[in-house]
Each structure stands twice: as structure tokens, then as C-alpha cells.
Amino acid sequence: MDDLGAVSEPSVQTEQEDDKSKLPETDLPQPPDSNPTGRPAEAWKSGLCACCNNPCNALVTALFPCVTFGQVAEMVDEGNIACCTSITLYMGMCLAIGLGIGLCCKWKYGLCKQTADYRTKLRKKFNLPQSPAPDWAAHLCCHWCALCQEYRELQSRGFDPSLGWKKNEAKNREKDQQQTMEHPMNQNDEMKKLSSIKVGILVSVFQSSSTLLFTTELLLQHVEIIADS
């Protein structure tokens with residue numbers, strides 16, 4: 001009887017192991033996907049400390065960082081949040097930071113988190129890497145430089161954050177209309193070129209045929225002269 005009990009215990013363990021192996025793969029924890037798009041990350045158009053590439057924006061950001069943040073936030077949110085709303089939110093957090101030392105750390109973290117969230121949205125929008133530091137660290141340690149870099153990134157991609165989302169959208173619409181107008185004009189130019197080529201070919205064929213007729217007439221005249229002689 002002891003031998004039968006010894007044999008039955010491993011069989012129970014093997015059945016439990018088989019049941020565990022039959023669990024669906026979805027129940028197992030999966031690592032988070034850092035790049036859900038699957039595309040290779042693009043590089044930033046300018047570095048974090050390249051503020052001198054746009055001195056005007058660097059000066060505005062140094063004096064009024066809330067303005068640059070509001071312009072970037074409006075472009076990233078595609079006009080869903082107005083620039084004035086983001087500026088008011090930024091200034092409210094700065095005012096809360098200045099109320100007292102006890103609230104300083106809490107509201108400073110909230111301000112950096114708010115601005116870092118828009119940096120994250122910008123990166124996902126253009127598939128940019130999280131460099132040279134995490135978004136929250138970039139805004140915590142180099143807040144003004146991070147705002148300038150985000151502003152320059154939008155400029156390098158054909159946007160003008162100082163105009164706002166609606167004016168940028170109207171500007172891009174005008175460009176598309178101009179391109180559609182230029183496309184049929186280019187087709188007309190190509191048709192004109194083809195027609196001129198055809199006319200040139202016809203003229204050359206006519207000239208060659210007239211030359212051939214002239215030479216045949218001369219040959220016939222020579223044949224008649226030889227025949228008379």
C-alpha cells in the first residue's frame with residue numbers, strides 16, 4: 001500500500017503541472033510596449049540647450065515662460081485648449097508656488113508634471129525619443145530649455161506656434177490649395193511641350209519629304225537628258 005501511495009503522489013504533481021502549462025498566455029504578465037507604433041524613433045531637430053537657434057523665442061521664454069508653454073500646448077492639443085487657458089493655468093501654479101514654502105514643492109512638482117505631459121504628447125505626435133532625459137526631469141532641471149526645444153521642434157516641422165492652431169490650419173489649407181492649382185498648370189505645361197515636340201517632328205518629316213521629292217525630280221531630269229543624248 002505504501003508503494004501505491006508513493007506512486008500516486010508524483011502523478012498528482014504531474015497533473016497539476018500540466019494544468020499550469022495549459023493556462024492561456026494572456027494571463028501571464030506582458031512587458032509594456034515602449035514604442036506602440038513600431039516605427040523607429042526620429043531625432044529631435046535641435047538639442048535641448050540649443051536655445052540660441054531662435055534668440056527671439058529664447059528671450060520670450062526667459063521672461064515669460066507661460067507664453068511659450070501656452071503656444072506649445074495649443075499646437076499639441078490641436079486647438080482644443082486655447083493658449084490663454086494654458087497661460088492662466090501656468091500662472092496660477094506659479095502663484096501657488098509663491099504663496100509659501102510648504103506648498104512650494106507640491107506645486108512645483110505639479111507645474112513640471114503639467115508641462116512634461118505636453119512634452120510627452122509632442123514626442124508621441126512626432127515619434128521622438130525621450131532624450132536627453134525623461135520628460136519630467138527635462139522640465140524639472142532645464143524647464144526653460146525644454147520649452148524652447150519644443151517650440152523649435154514645432155517650427156522645424158512647418159508650424160508657427162505664435163500664430164495659434166487656427167491660423168496654422170488656414171495656412172496649411174492655403175498651401176494645399178496652391179499645390180492643387182499648380183498641379184494642373186504643370187500638366188498644361190507638359191501638354192504644351194508635347195505638342196511643340198509633335199509639331200517639330202511633323203515639320204522635320206515635311207522637310208525631309210520635300211527634300212526627297214526635289215532629289216527625285218533631279219534624278220528624273222538627269223535620266224531624261226541621258227535618254228535624249
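Please refer to the structure higher up on the page.
Enquirer: For this particular structure, what's the right way to read the overall build of the protein?
Expert: Secondary structure assignment for the protein yields eight helices and zero strands. Reading the protein from its N end, one meets helices and strands in the order α-α-α-α-α-α-α-α. Counting over 229 residues, the protein shows a buried share of 24%. A sequence separation of at least 24 residues applies to 65% of the contacts in the protein between residues at least 6 apart. Taken as a whole, the protein presents about 16500 Å² of accessible surface, with 63% of it coming from carbon and sulfur.

Enquirer: What should I look at first to understand the side chain of Thr115 in this one?
Expert: Among the structural elements, Thr115 can be located in helix α5 (residues 101–126). Its relative accessible area of 1% is what places Thr115 among the buried residues. Filtering out sequence-adjacent residues up to four positions away, Thr115 remains in contact with Phe69, Tyr90, His139 and His143.

Enquirer: Honestly, the pattern of salt bridges in this entry has me stumped. Any pointers?
Expert: Oppositely charged side chains may form a pair once their charged atoms are brought near each other. The final tally for this structure, using the stated rule, is eight salt bridges. For Arg157, the salt bridge identified is with Glu42, shortest N-O distance 3.2 Å. Placement of the pair is Arg157 in the loop between α7 (143–156) and α8 (165–228) and Glu42 in the loop between α1 (2–21) and α2 (55–63), with a sequence separation of 115 residues. Between Lys125 and Glu78 there is a salt bridge, and its shortest N-O distance comes to 2.7 Å.

The rules behind these values
Per chain, residue numbering runs from 1 following the sequence as it is written. Residues qualify for local features only when their pLDDT is at least 70, as the model is predicted, and side-chain atom pairs are given and counted only at 80 or more; totals for whole chains, interfaces and linings, by contrast, use all residues. Side-chain numbers come from the whole structure's heavy atoms, not from hydrogens or water. In this description a helix means any DSSP run of H or I spanning at least four residues, a strand means any run of E spanning at least two, and both kinds are numbered starting from the N terminus. Accessibility here uses a 1.4 Å probe with only protein chains present; expressed as a share of the type maximum, an area under 20% marks a residue as buried, one over 50% as exposed, and anything in between as partly exposed. Here a residue-residue contact requires only that any non-hydrogen atoms of the pair lie within 4.5 Å. Using the Shrake-Rupley algorithm and a 1.4 Å probe, accessible areas are obtained, with residue cover drawn only from the displayed protein chains. One speaks of a salt bridge when a side-chain nitrogen belonging to Lys or Arg is within 4 Å of a carboxyl oxygen belonging to Asp or Glu.

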